[in-house]
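Report on the structure
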Amino acid sequence: MTEFEQRLSECLEALVQGRLSVDECLEMHPQHADALRPHLIAATAFARTADQQPSAEWATTARQRFLIASGKSLQEAMDIEPEPTFFASARVRFLLAAQKLRQERSTAKPRRVPLFGTPMRAVGALAASVALFVGFSGYTVQSADAALPGDWRYPIKLQTERVRLAVALSADQKRDVQFDIAEERLQEIEALAYKGKIIGPGVLNRFVEQTQPLVEQANDGNLDAGDAARLQQVSIRGTQVLDQVEPQVAAGAETELAQAKVISDTGVTVTRELVVKNPDRPNIVITPQIPVSTATPEPTEAIPTDEPGAETPTPEPTDVPATEDPEATPTEITPGEVPTDSVVMSELPIVEIDDIKLHTLTAGRLTLRAPGPSTGWYLDGVPESGVPLLVTMKTQNQQSFIVLNTQNGDMYWYVSAASNNRFDEIQMRLTRDGQVFQADAAVLRYFYGDAAEIPLLVMNSIRILPEASPTPEPTATLESEPTPPL
Amino acid sequence: MPLMTSLHSEASSMEFPALQAVSTEVERATVDRARAGDQQALADIYDWYMPRVYRYAVARVGNTHEAEDLTEEVFLKLLSAICDFKWRDVPFSSWVFRIAHNCIVTHYRRTAQRGGPTSEIPLDMIDGRHDIAYAIEEQITMEEVRVAAAQLPEAQREVIALRFAVGLSIAETAKALGKREGNVKALQHKAVAKLQKMLIPVDGK
């Protein structure tokens, strides 16, 4: 370094530290003054270009946001769950978090401390902190949590979310926060719609921004089963919410709505694959919760048939199967169907629904529409005579079983979704306390897609026929007086 | 270049902007409290460093609105990372401006991707102490300085922003940028030399 460079360096340091002005520097080094002057002026001019003050409004709000974020981020970073009585006070939340952090750090690096020192220090720190944070507004933090787009506190809410993301230590924690935020965006959309507000540009985009990375991670196979299940819930709810709020979406936000729908639909599709086909997942057991409006008829209420001689339970096959509305639930028993004393399936299909040909199956009082060989199904182990308690239908590839209770019409469907000999058990139709419940078709279609169609058709066709009237006595018993009970 | 002449002529009264100084001991104690979750300590750190981070952002992006956004971003990142700060690595000031430097780099990358325009300091942001004529003169002069600084290589601009706008020492600047002190000094000299050549004609001294 030359002498001039040395002097320049000293002068710049003195200017930076505020010890000297340019003039004073030049006076100190008169032999280099001419050369130093333009350098020092240039440096000073540059320093002055940056000598700006932020606007007072920004300075105030930014500081407030920082303070709020600091309290909230620490609280969430340490996953503190305050007592409900403390929940109203963000300040106390923060103090609890700070206290926990101190405790964790002392645990991580154990030191010798007096036996009674730690609690006293904690109490002292707590008290001191209470005094220090008097100005901290718990109300703002709390109320910002519930803020909706358009609210003045909404930017605070977004800031705190950014902090939550930033303080998430691991990829898993970060994903948890992303899920929280995505769910929050959905709740906001719902809340706006509920309040009758127009959902303007940006609102739906925020949902897309949060959900899209999660869907992409799912698509790349980077979500574990738990995260996939959570994304599944978010996506399903997303599709529902977006459909509901569509009339309230602003004219300029149609593209956002379309994007949001695509993301939600993609999320549903991608996660279904992950959830259902994950070989490590536990078996799904679905228990029906939808009560069937027409409960199993009691035998005493049965309408007696006037065709005692009916001996052909199998209906006449039709050459051209009729087509029906796949969602329609048969409400009336086909005339001519009567209980049988064996399991009988019509040779030909009697109905075709969405290219699925269905036969009539009757086993005792149980009657239903069943898939046959043309759809890859067969009856398994049915005795030639007599009606067993359970009748089983299977697919040729052994991946799907339907088990029917011939006494009460209960139906179970077992399906191997992961091709690993693990079967989900879906209780399609269940009798509980005299009430009949059916599985939710939407849930099954969601989980199993097209594979659920045949079981659903079977479920919807199940009927328990009234008991057959006893064979009439050859004598005109109808004319005789009934025997009085003993 | 008459406008620079006016700047030149007032050289005797020119000083670097004053920056709030905090003793090393106080800063160290405050940072330790902040790392332990003390919000008042965090607030103090914010109050000490916000003006400097803001100046740094202004010096780097030249736009007060973007500087505000970047300043806020720097402090949110500081908040998330302060628990990991270790004294043995770098001075706290260097650590803060390393965060700021990263934010600026990210900002430039984003701006480049968007194809955004370069920004400038609006006239209405000039310090209200000056009268209009002075403000216009000052504005143009500042604009010239800004344009000249923008022509410096990135490494040189980075160094003089930390040195002259923020007031970091050579050692702190070196730590913030992960460079050697000698390298920082050399970059500083080159930057100042280029600036003075661009701003002050040889016959204008």
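Cut-offs and rules
Residues numbered from 1 in each chain as written. Chains lettered and ligands numbered in written order. Predicted model: local features only at pLDDT ≥ 70, side-chain atom pairs only at ≥ 80, totals over all residues. Heavy atoms only, no water. Helix = DSSP H or I, 4+ residues; strand = E, 2+ residues; numbered from the N terminus. Buried < 20%, exposed > 50% of the residue type's maximum accessible area, 1.4 Å probe, protein only. Contact = heavy atoms within 4.5 Å. Areas by Shrake-Rupley, 256 points an atom, 1.4 Å probe, with all protein chains shown as cover. Expected span 1.5 Å × (residues − 1). Polar contact = N/O pair within 3.5 Å; in protein donor to acceptor, adjacent residues only side chain to side chain. Pairing = 2+ DSSP bridges. Axes fitted to C-alpha atoms, helices over the stretch in contact; angles between N-to-C directions. Parallel < 35°, antiparallel > 145°, perpendicular 65-115°, else oblique. Core = buried A, V, L, I, M, F, W, Y, C linked by side-chain atoms within 4.5 Å. pLDDT = per-residue confidence, 0-100.

1. A closer look at the overall build of chain A
When helices and strands are counted, chain A shows 14 helices and 14 strands. Relative to its full complement of 486 residues, chain A shows a buried share of 44%. Taking as baseline every contact in chain A between residues at least 6 positions apart, the subset at least 24 positions apart corresponds to 59%. With an accessible surface of roughly 25700 Å², chain A has 54% of that area assigned to carbon and sulfur atoms.

2. Points about the overall build of chain B
Along its length, chain B carries nine helices and zero strands. The linear arrangement of helices and strands in chain B, starting from the amino end, is α-α-α-α-α-α-α-α-α. By residue count, 51% of the 205 residues in chain B fall in the buried class. Here the contacts in chain B between residues at least 6 apart in sequence split such that 67% fall between residues at least 24 apart.

3. What to know about helix α11 (residues 225-245) of chain A
Residue and element names in this part refer to chain A. An ideal rise of 1.5 Å per residue puts 30 Å on 21 residues; α11 measures up with 30 Å between its terminal C-alpha atoms. Considered for burial, the residues of α11 that qualify are Asp227, Ala228, Leu231, Gln232, Val234, Ser235, Gly238, Thr239, Val241, Leu242 and Val245. Two to three positions downstream of the cap, the backbone nitrogen of Gly226 sits 3.2 Å from a side-chain oxygen, assigning the N-cap of α11 to Asp224.

4. Quick word on the pairing of strand β9 (residues 390-395) of chain A
All names here are of chain A. Burial analysis of β9 places five of its six residues in the buried class, the great majority of the element. Inspection of the sheet shows strand β8 (residues 377-380) paired to β9 by four bridges, in the antiparallel sense. The residue bridging Asp380 from the neighbouring strand is Thr392, located in β9. Summarising the sheet, β9 and strand β10 (residues 400-405) pair through five bridges and their orientation is antiparallel. Residue pairing across strands places Lys394 opposite Phe401, the latter belonging to β10. Taken together, β9 and the strand that follows it, β10, pair antiparallel across an intervening segment of four residues, in which Gln398 is found at a positive phi of about 60 degrees.

5. Some details on the pairing of strand β11 (residues 411-415) of chain A
Residue and element names in this part refer to chain A. Alternating residues of β11 divide into Met411, Trp413 and Val415, all buried, and Tyr412 and Tyr414, none buried. In textbook terms, the turn of a hairpin is the stretch between consecutive antiparallel strands, and for β10 and β11 this stretch comprises five residues, one of which, Gly409, has a positive phi near 85 degrees. As paired elements, β11 and strand β12 (residues 424-432) share five bridges and run antiparallel to each other. Paired with Tyr414 across the bridge in β12 is Glu425.

6. As for the packing of helix α3 (residues 33-49) of chain A against helix α9 (residues 181-199) of chain B
Taken N-terminus to C-terminus, the directions of α3(A) and α9(B) make an angle of 95 degrees; their axes are 8 Å apart at the nearest point. As far as their axial angle goes, α9(B) and α3(A) are roughly perpendicular. Here A:Pro38, A:His39, A:Ala42, A:Ala43 and A:Phe46 of α3(A) lie close against α9(B), whose contacting residues are B:Val192, B:Ala193, B:Leu195, B:Gln196 and B:Leu199.

7. Examining α3(A)
The first and last C-alpha atoms of α3(A) sit 24 Å apart over 17 residues, in line with the 24 Å expected at 1.5 Å per residue. The buried count for α3(A) comes to 13 of 17 residues, which makes it a mostly enclosed element.

8. Some words on the nonpolar core
A:Leu40, B:Phe92 and B:Phe97 are the most contacted members of the largest nonpolar core, which totals 85 residues. Element by element, the count of residues in this core is highest for helix α3 (residues 39-61) of chain B, at 15 residues. In contact with B:Phe97, other than residues within four places in its own chain, are B:Tyr49, B:Arg52, B:Val53, B:Tyr56, B:Leu162, B:Val166, B:Leu168 and B:Ala176. Counting 38 residues, the second largest nonpolar core, distinct from the first, contains A:Ile286, A:Ile350, A:Leu368 and A:Ala439.

9. Observations regarding the environment of A:Arg463
Residues and elements named next belong to chain A. Position of Arg463 relative to the elements: it lies in strand β14 (residues 463-464). A residue is classified by how much of its surface remains accessible, and Arg463, at 19% relative accessible area, is buried. Expressed as a C-alpha distance, the spacing of Arg463 and Leu366, which sit 97 residues apart in the sequence, is 5.9 Å.

10. Remarks on the confidence of the model for chain B
All names here are of chain B. The predicted model of chain B averages 76 in pLDDT, with 72% of residues at 70 or higher. Counting interchain partners and residues more than four positions distant, the pLDDT-below-50 stretch residues 1-12 has 30 contacts. Overall, residues 116-140 carries pLDDT values under 50, and its contacts beyond four positions in sequence, including any with other chains, amount to 33 contacts.

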